[in-house]
Amino acid sequence: MVERGPKEILAIADLRVEYPTENGTVRAVRGVDLQVKEGEILGLVGESGCGKSATLLATMRLVPFPGKITSGQIILDGQNILELDEGEVRKVRGKTVSMILQDPMSALNPAHKIGTQIKEALSVHGLWNRTEDGQRQLVKLLERVGIPSPETVLELYPHQLSGGMQQRVMIAIALACRPKLILADEPTTALDVTIQAQILDLLANINKDNGTAIILVTHNLAVASQFCHRIAVMYAGQIIEEGPTDEVLSNPLHPYTQGLLNCLPRFQRRERLTSIPGQVPDLTGSIPGCAFYPRCSRRARTCRLKNQRLMSVDGRRKVRCERWRINEVFEERVLEEELDMVVDHDRYQDQ
Ligand code: ADP
């Protein structure tokens, strides 16, 4: 019998999200393809503004108006959530997929006690009962996320808790209905370094103990390297590289991923830390070819007009670049070319 691996809990295909603004339409997500398997932690990494949050918000069907999903498919636990009506989507949120935001205070209701807010999350899905068992369930949830004196905390308001404790409450709410997938959008960025590690450990334990799949959005590759089974790198609204964490970090294929790694002290392979020369492209304009073209050390003339698809490399890895096969080390040249590229980038933007 053929053994089957874990099934996909999420499969996103050709997702596009746009935000109309006074200065034009921001194409925040420009054809994202992404899969997450049951029980997997996927790190979605990339610089600020590359469309990570928009991808997660689309997966919750929570893109704020006037932003909209203009095309694509989001198959969540077997159903395309883009085809559901609002009532059906509400049944999915919290129950199949839930989200943890960077700032817990923006998600918690300051006027309601912690206990009330967890009960609400359970009630939406008919999972709250007013019995002693129900109360025990709340206490257990808070214990599960490492909150001391849970009976007391249930009676407190969010502002009476520290940032770390508020984030634990958010995780408890996200976990309340035992979703199969949690979307964690920079869940530790607003917290102190020591608390950050505790929250990430907690998420890792939830993944291990409950088998909950997690998408961890982070701009920090070091965090992704520690906690994620797979990494997907985003640039200018597209996934540009994806694969098992150790393989992507030890042998990045896309020049952008290589650039990101060179910016990190832990991963740098040369004496000098660098930043990637040039700027991220303006997402209100049209980008005919590879969005990384103006900043790329390996670009060919054709890259400017031809946007590659995300192609499979060996069945495990994908990259949106034809030139990953070029193995020569370009790094020495990069330093010399940095200045030229910045100048060239300005010229490119002007056209
Ligand atoms: P990330 O999560 O990677 O930082 P976002 O998904 O938040 O990126 O943003 C992607 C792009 O969409 C950015 O250019 C951002 O400025 C733009 N954007 C995000 N939210 C809005 C909004 N509500 N209105 C207009 N533009 C937005």
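Just so it is clear, the structure is predicted and the values come from calculations on it, not from any experiment. (Residues numbered from 1 in each chain as written. Predicted model: local features only at pLDDT ≥ 70, side-chain atom pairs only at ≥ 80, totals over all residues. Heavy atoms only, no water.)

J.: Honestly, the overall build of the chain in this entry has me stumped. Any pointers?
T.: Tallying secondary structure elements over the chain gives 12 helices and 12 strands in all. For the chain, buried positions account for 50% of its 351 residues. Counted over contacts in the chain with a minimum sequence separation of 6, partners at least 24 positions apart contribute 66%. For the chain, the accessible area works out to roughly 17,300 Å², and carbon and sulfur atoms hold 49% of it. (Helix = DSSP H or I, 4+ residues; strand = E, 2+ residues; numbered from the N terminus. Buried < 20%, exposed > 50% of the residue type's maximum accessible area, 1.4 Å probe, protein only. Contact = heavy atoms within 4.5 Å. Areas by Shrake-Rupley, 256 points an atom, 1.4 Å probe, with all protein chains shown as cover.)

J.: Teacher, can you tell me more about the sheet that holds strand β4 (residues 68–76) here?
T.: Backbone hydrogen bonds hold the strands of a sheet together, and the pairing may be parallel or antiparallel. Reading across from one edge, β2-β1-β4-β5 is the order of the four strands in this open sheet, with antiparallel pairing throughout. Bordering the open sheet on either side are β2 (24–37) and β5 (79–80), each of which pairs with just one other strand. Two strands pair when backbone bridges link them, and strand β1 (residues 8–21) and β2 are joined in this way by 11 bridges, in the antiparallel orientation. By the bridge assignment, R16 is partnered in β2 with R30. Packing of helix α1 (residues 52–59) onto the sheet brings it into contact with β1, β2 and β4, and relative to β1 it is tilted by some 115°. (Pairing = 2+ DSSP bridges. Axes fitted to C-alpha atoms, helices over the stretch in contact; angles between N-to-C directions.)

J.: Help me understand the site of the ligand in this model?
T.: The ligand sits among 13 residues. The nearest are G49, G51, K52, S53 and A54. Within the side chain of S53, a nitrogen or oxygen atom sits 2.8 Å from an oxygen atom of the ligand. Those elements that place two or more of their residues in the shell around the ligand are β1, β2 and α1. (Near = heavy atom within 4 Å. Polar contact = N/O pair within 3.5 Å; in protein donor to acceptor, adjacent residues only side chain to side chain.)

J.: Can you help me understand the environment of E38 in this one?
T.: By the element assignment, E38 lies in the loop between β2 and β3 (41–45). Measuring from C-alpha to C-alpha, the distance between E38 and I214 comes to 8.9 Å, with 176 residues separating the pair along the chain. Leaving out residues up to four positions away in the same chain, E38 has contacts with P6, K7, I9 and A213.

J.: What is the right way to look at the pairing of strand β6 (residues 97–100) in this model?
T.: One face of the sheet, then the other: side chains in a regular strand alternate in exactly this way. Going residue by residue along β6, you find V97 and M99 tucked away on one face and S98 and I100 tucked away on the opposite face as well. When β6 meets strand β7 (residues 181–185), the two strands line up parallel, connected through four bridges. Across the sheet, M99 pairs through a bridge with L183, a residue of β7.

J.: I would appreciate a short explanation of the layout of surface pockets in the present structure.
T.: A water-sized probe rolled over the atoms picks out the places where empty space is left. Here the largest pocket defines a volume of roughly 620 Å³. For the lining of the largest pocket, the secondary structure elements donating two or more residues are β6, α4 (114–123) and α7 (163–175). (1 Å grid on protein atoms, 1.4 Å probe; cavity = no way out; pocket = protein on both sides within 12 Å on 5 of 7 lines; lining within 4 Å. Points joined across faces, edges and corners; volume = space filled by probe spheres on them.)

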